[in-house]
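For reference, the chains in residue letters:
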Amino acid sequence: MDTAQTAAYLRRIGVERPAAPTASALRELHLAHVRSVPFENLSIHLGEEVDLTEQDLLAKVVDRRRGGFCYELNGAFAALLAALGFEVTLLQARVYGDDGLPGIPYDHLALRVRTEDGGDRLADIGFGTHSHLPLDLSERGEQGDPGGTFRIADAPGGDLDVFKDGKPQYVIDQRPRALEDFVSGAWYHRTSPKSHFTQSLVCSLVTETGRVTLGGNKLTVTTGGERDVTELATDTEVLAAYETHFGISLKQVPQVAKPVRVGGR
């Protein structure tokens, strides 16, 4: 990222350039990101390509003011953090399913971030309803966060398990990865009928008072512990909701796409 791109990204999330890559600066950037850039899978259902290159990710998140899923959001955030002087490592993780088993390799992209004032943090602005702030990777006790109570635990083989409110979320392989390593995982989640991303629409954003989520034509606004659900009756209302709540301007309403089936199955 050059200086102009970095400045544009910071404007996108409403943050001034930090004076130094400190833990405090990372917290501010992380929180601003989850409040400004939505977690969304609309590209899958609009027939758009998902290209995992730094320039393509920046073009989508910054120039087009869109969101994305983990590969896109954490991939773009990694580029911003590196440009600001943070030491960033891309990590692959496997997401735990309802059966309690981890999913495919490269199921998820998370970030290990080392700050100038010491310590490694787990930064993850691309896992939907996750922590609003970075987590301390060295801490093994509970870590309070506006998004819940989190805990990081050692797992076999040097891996790390991440828990939210006592439930396992994903297991991290701590070996460094490159952005291109995640192409197969992104392809799987864009095409497989077994991926939840091909089965549903989601666009979600943290707010100062809770969260706003648009799933198909169902708009859910959470304030504190209260949830207000509205069924949007027309395409015009759906498109207006994307614009109003997420700053996303679309020409057509996304529709759940039929997944590509491989091998005639």
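Preceding block: the structure.
Our subject in this report is the structure included herewith.

A short note on the overall build of the chain
A tally of regular secondary structure across the chain gives eight helices and 13 strands. Taken over the C-alpha trace, the chain has a radius of gyration of 18 Å; the compact-globule value for 265 residues is 18 Å, and the two agree within 12%. Its C-alpha atoms give the chain principal-axis dimensions of roughly 50 × 45 × 40 Å. Considering the chain as a whole, with its 265 residues, one finds that 49% of them fall into the buried category. Taking the contacts inside the chain whose residues are at least 6 apart along the sequence as the reference set, 55% of them involve residues at least 24 apart. Total accessible area on the chain stands at roughly 12600 Å², and carbon and sulfur atoms take up 48% of it. Separation of charge centres in the chain, based on 28 positive and 37 negative side chains, amounts to 4 Å.

Thoughts on the environment of Asp 56
Mapped onto the secondary structure, Asp 56 falls in helix 4 (residues 54–63). Judged by relative accessible area, which is 36%, Asp 56 ranks as partly exposed. In this structure the C-alpha to C-alpha distance between Asp 56 and Glu 72, which are 16 residues apart in sequence, comes to 9.1 Å. A distance of 2.8 Å separates the side chain of Asp 56 from the side chain of Thr 53, its partner in a polar contact.

Let's talk about the packing of aromatic side chains
Summed over all chains, the structure comprises seven aromatic pairs. Ring geometry for Phe 69 versus Phe 197: centroids 5.1 Å apart, planes at 80°, classification edge-to-face. Of the two residues, Phe 69 sits in the loop between helix 4 and helix 5 (70–83) while Phe 197 sits in helix 7 (residues 196–199), which places them 128 residues apart along the sequence. Assigned by exposure class, Phe 69 and Phe 197 land together as buried. With a centroid separation of 6.2 Å and 50° between ring planes, the pair formed by Tyr 71 and Phe 182 is classed as tilted. Of this pair, Tyr 71 sits in helix 5 while Phe 182 sits in the loop between strand 9 (167–177) and helix 6 (183–191), and the two are 111 residues apart along the sequence. Exposure class is identical for Tyr 71 and Phe 182. Each is buried. One aromatic cluster is present, built from ring pairs that chain together Phe 39, Phe 69, Tyr 71, Tyr 106, Phe 182 and Phe 197.

Overview of helix 2 (residues 23–36)
Taking 1.5 Å per residue, 14 residues should reach 20 Å; helix 2 reaches 20 Å between its end C-alpha atoms and fits that length. Turning to helix 2, its buried residues number three or more, namely Ala 23, Ala 25, Leu 26, Leu 29, His 30, Ala 32, His 33, Val 34 and Ser 36. Those residues of helix 2 that are buried are in contact with helix 1 (3–13), helix 5, strand 3 (108–114), strand 4 (120–123) and strand 10 (203–206).

Procedures and definitions
Residues numbered from 1 in each chain as written. Predicted model: local features only at pLDDT ≥ 70, side-chain atom pairs only at ≥ 80, totals over all residues. Heavy atoms only, no water. Helix = DSSP H or I, 4+ residues; strand = E, 2+ residues; numbered from the N terminus. Rg over C-alpha atoms; globule rule 2.2 N^0.38 Å. Buried < 20%, exposed > 50% of the residue type's maximum accessible area, 1.4 Å probe, protein only. Contact = heavy atoms within 4.5 Å. Areas by Shrake-Rupley, 256 points an atom, 1.4 Å probe, with all protein chains shown as cover. Lys, Arg positive; Asp, Glu negative; His and termini not counted. Charge placed at Lys NZ, Arg CZ, Asp CG, Glu CD. Polar contact = N/O pair within 3.5 Å; in protein donor to acceptor, adjacent residues only side chain to side chain. Phe/Tyr/Trp six-rings, centres within 6.5 Å; stacked < 30°, edge-to-face > 60°. Expected span 1.5 Å × (residues − 1).

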